[in-house]
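Residues per chain, in single letters:
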Amino acid sequence: KKLGQIDQYSCVVLAMEAPLKHRLHSGLRLWEFPDQYVIEPTDGSAAPCLDISRLDGSMKLIDQVAECNSLRVPKIRSIFGVVGMLKLLAGSYLVVVTESESVGSFLGHAIFRINSLKVLPCDHSLKNSPEEQKKVETDFSRLLSVAERTNGLYFSYEINLTLSAQRLHDLGDESKSLPLWRQAEPRFLWNNYMLEVLIDNKLDQFLLPVIQGNILYSISSFSSISVLCRIMTIGRDIVDITLIARRCTRRNGTRMWRRGADPDGYVANFVESEQIVHMNGYTSSFVQVIRGSMPFMWDQIVDLTYKPKFEIVQPEEAARIAERHFLDLRKKYGSVLAVDLVNKHGGEGRLSERFAGAMQHINGDDVRYLHFDFHHICGHIHFERLAILYEQMEDFLDKNGYFLLNEKGEKMKEHLLSLFLSQRYTMQSMIGRKMLELQLRRIGVFGAEEAISSHLNFDERYKILWANHGDDISIQYSGTPALKGDFVRYGRRTVQGVLNDGWNALARYYLNNFADGTKQDAIDLVQGHYIVAVNRDMAPVPRKGGLEAVANFPVALAVVLISLWFATMSVKRAGSDYRHLFFSLVWAGISVAVAAFMRANGRIFCNRPRLHKPRP
């Protein structure tokens, strides 16, 4: 659907719209003059325009767009929101939404996917800067072009997408009257850092809150942040199911360059997943906290090997960091069930052992730790054995349950539980299915023993919903769809699924080693994890030195392959000629020596973050 159209299957409205004085502008026109940008509201609000200087990025409100003349001919285009502004060494850079698409609705309000971002430089002052400063600015501005390609960004002009259904319902009248950016949960606000300049200038109607995740929509389904939402039927009953996965910005990034937790207990690639059900006037919500990295300091630095070694950093701090992490979860979500699904052997075994040790000091009525050796018990095909794990969790889930509103919007049940899973969307989908069955029984749609699997059409759509959910979030941090997604999608492993996993594993290897370092730098820059400072960054962005200066993976690989080819050809010609045999040994030796060097010094061949700070 195109911008402005709202999905006909609107959900029950749980949140009050912001007052008119704080309403976001839903239509904007950008005037690009040689010396200024002017953003004009086109939504009929008769509000003032926003003027941004291209010299230094300073902002002010003006009553109308200045007159054009032959010396000031503007470029004019429609835009759909102001994402924020970043300040680098000498210039400022305005980020706007140039293309967006309506993908459905969330709790009765239109949701839009960002299809294109544009970075607009306000850097005319750079002309008078020293040459060295210009080089550094260019290095940083290249990262902004990477950030322009960020996928999975969504926004709404009307509703706060960062809060769960229960937290939206519990907002007080005073909070509901605030601008959307002030209602937002900072952890899930993708452009939190970039909005600071606009906040300082009190530009509430231009402050567009953005969330990273995914929304998939069709006539029978739509989805959101991950908002994945499907309209399904059971008999004559229509079930509206929404999946929301909110990515936390505190320690997010790529698969290998963000592992473990920081000293404050924030874990890498933390995602809050929510399943909302609307049916027969009832609204029910269940929150899972999924894809959180193990909550202590550990790394897995790429080095050209398929599976780099795990490195536990400051192991003596593990218990304190884990305690801080779960204390924060308890405050935000209530009771916590931490499920550890990694191996008990090898490198993962050391991580699991450290996790279990840290949890010994935390386990109690409100926090429970459960280990399930996924690979040993389920292997590559027996995922039905996840039912064994569910039996160990069932009492805890039944006790703490889900959020429920009746037809009158009255709260019938509170959600007092969060699940912290170390990995696996297969597990998450199974828990979501079990909780949905509980919700449908409570609403009165299912009988005591009735299950989703007995409704084949509904079952198929529900599996696809969760499979898409896992794929989209996986793409954002790893660059590929989730592995073993065929089990979630079809309920079994398939030949095509195994082949897809092989291809995705190779793609991950390439991205981990040769692409994700730059991507991590771009993430850190736009989200304020690395703040440019003149006194620190007047030297160029750290350059490679020593062996790194000459290390080049394609060249090294070419040397290995060419040496092997010459060695093979020399052997074929050797016969009784010892010279060919000698040269074959020389070429083979070169090949082995270069390969051994690459193996021993793999890290210097990889694309590493240049803004990445090493662990303390």
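None of the values given here were measured: they were computed from a predicted structure. (Residues numbered from 1 in each chain as written. Predicted model: local features only at pLDDT ≥ 70, side-chain atom pairs only at ≥ 80, totals over all residues. Heavy atoms only, no water.)

A. A look at the overall build of the protein chain. Within the protein chain, the secondary structure is distributed over 18 helices and 23 strands. Looking at the protein chain as a whole, 55% of its 616 residues qualify as buried. Of the contacts formed within the protein chain by residues at least 6 apart in sequence, a portion of 66% connects residues at least 24 apart. For the protein chain, the exposed surface amounts to about 27,100 Å²; the carbon and sulfur share of it is 53%. (Helix = DSSP H or I, 4+ residues; strand = E, 2+ residues; numbered from the N terminus. Buried < 20%, exposed > 50% of the residue type's maximum accessible area, 1.4 Å probe, protein only. Contact = heavy atoms within 4.5 Å. Areas by Shrake-Rupley, 256 points an atom, 1.4 Å probe, with all protein chains shown as cover.)

B. Quick peek at the UniProt feature "transmembrane region" (unreviewed entry) in the protein chain. Under the UniProt annotation, "transmembrane region" (unreviewed entry) lies at residues 549–568 and 580–598. Between the C-alpha atoms that bound residues 580–598 there is a distance of 27 Å. The span itself is 100% helix and 0% strand. (UniProt positions renumbered as here; feature names shortened; annotations may be inferred.)

C. Summary view of helix α18 (residues 578–600). When the terminal C-alpha atoms of α18 are compared, their 32 Å separation across 23 residues agrees well with the 33 Å that a helix rising 1.5 Å per residue should span. Of all the positions in α18, only Ser-584, Ser-591 and Met-598 are classed as buried. Packing partners of the buried residues in α18 comprise α17 (553–574). (Expected span 1.5 Å × (residues − 1).)

D. Representation of the sheet that holds strand β2 (residues 36–41) within the structure. Spatial strand order, β4-β3-β2-β1-β5: 5 strands in an open sheet with antiparallel pairing. Because the sheet does not close on itself, it has two edges, and the strands there are β4 (59–62) and β5 (75–79). Averaged over all pairs of adjacent strands, the angle between strand axes in this sheet comes to 25°, irrespective of strand direction. As judged from the 4 bridges shared by β2 and strand β3 (residues 49–53), these two strands associate in the antiparallel manner. Its bridge partner being in β3, Ile-39 is matched across the sheet by Leu-50. (Pairing = 2+ DSSP bridges. Axes fitted to C-alpha atoms, helices over the stretch in contact; angles between N-to-C directions.)

E. The packing of aromatic side chains, seen in detail. In the structure shown here, the tally under the stated rule is 13 aromatic pairs. Aromatic pair Phe-355 and Tyr-369: ring centres 5.2 Å apart, planes at 75°, arrangement edge-to-face. A residue pair is termed long-range when its members are at least 10 positions apart, and Phe-355 in helix α7 (residues 346–359) and Tyr-369 in strand β20 (residues 367–371) qualify at 14 residues. The residues Phe-355 and Tyr-369 share a single accessibility class, namely buried. (Phe/Tyr/Trp six-rings, centres within 6.5 Å; stacked < 30°, edge-to-face > 60°.)

F. Examining the confidence of the model for the protein chain more closely. When the pLDDT values of the protein chain are averaged, the result is 84; 88% of them are 70 or greater. Confidence over residues 1–18 falls short of pLDDT 50; this stretch has 56 contacts with residues more than four positions distant or in other chains. Across residues 217–227, confidence stays below pLDDT 50; counting only partners more than four residues off in sequence or on other chains, it has 61 contacts. (pLDDT = per-residue confidence, 0-100.)

G. Structural detail: the nonpolar core. Residues Met-393 and Leu-397 are the most contacted members of the largest nonpolar core, which totals 42 residues. Setting aside residues up to four positions removed in sequence, Leu-397 forms contacts with Phe-286, Tyr-390, Leu-417, Leu-419, Ile-431 and Met-435. By size, the runner-up hydrophobic cluster in this structure holds 35 residues, among which are Val-83, Ile-114, Val-136 and Tyr-193. (Core = buried A, V, L, I, M, F, W, Y, C linked by side-chain atoms within 4.5 Å.)

H. Just helix α6 (residues 318–333), in detail. Its 16 residues place the ends of α6 22 Å apart at the C-alpha level, agreeing with the 22 Å of an ideal helix rising 1.5 Å per residue. Along α6, the positions that sit buried rather than exposed are Ala-318, Ile-321, Ala-322, His-325, Phe-326, Leu-329 and Tyr-333. Buried residues of α6, viewed axially, fall in a sector of 125°; they line one side. Directly after α6, the chain includes Gly-334, whose backbone phi takes a positive value near 95°. (Arc of directions from axis to C-beta.)

I. Structural detail: a negative patch on the surface. Judged by side-chain charge, Glu-391, Glu-394, Asp-395 and Asp-398 come together as a negatively charged surface patch. Within the element layout of this structure, Asp-398 appears in helix α9 (residues 386–400). Given a relative accessible area of 37%, Asp-398 falls into the partly exposed group. (Patch = residues over 30% accessible without salt bridge, like charges linked within 9 Å, V, L, I, M, F, W, Y side chains within 5 Å. Salt bridge = Lys/Arg side-chain N within 4 Å of Asp/Glu carboxyl O. Lys, Arg positive; Asp, Glu negative; His and termini not counted. Charge placed at Lys NZ, Arg CZ, Asp CG, Glu CD.)

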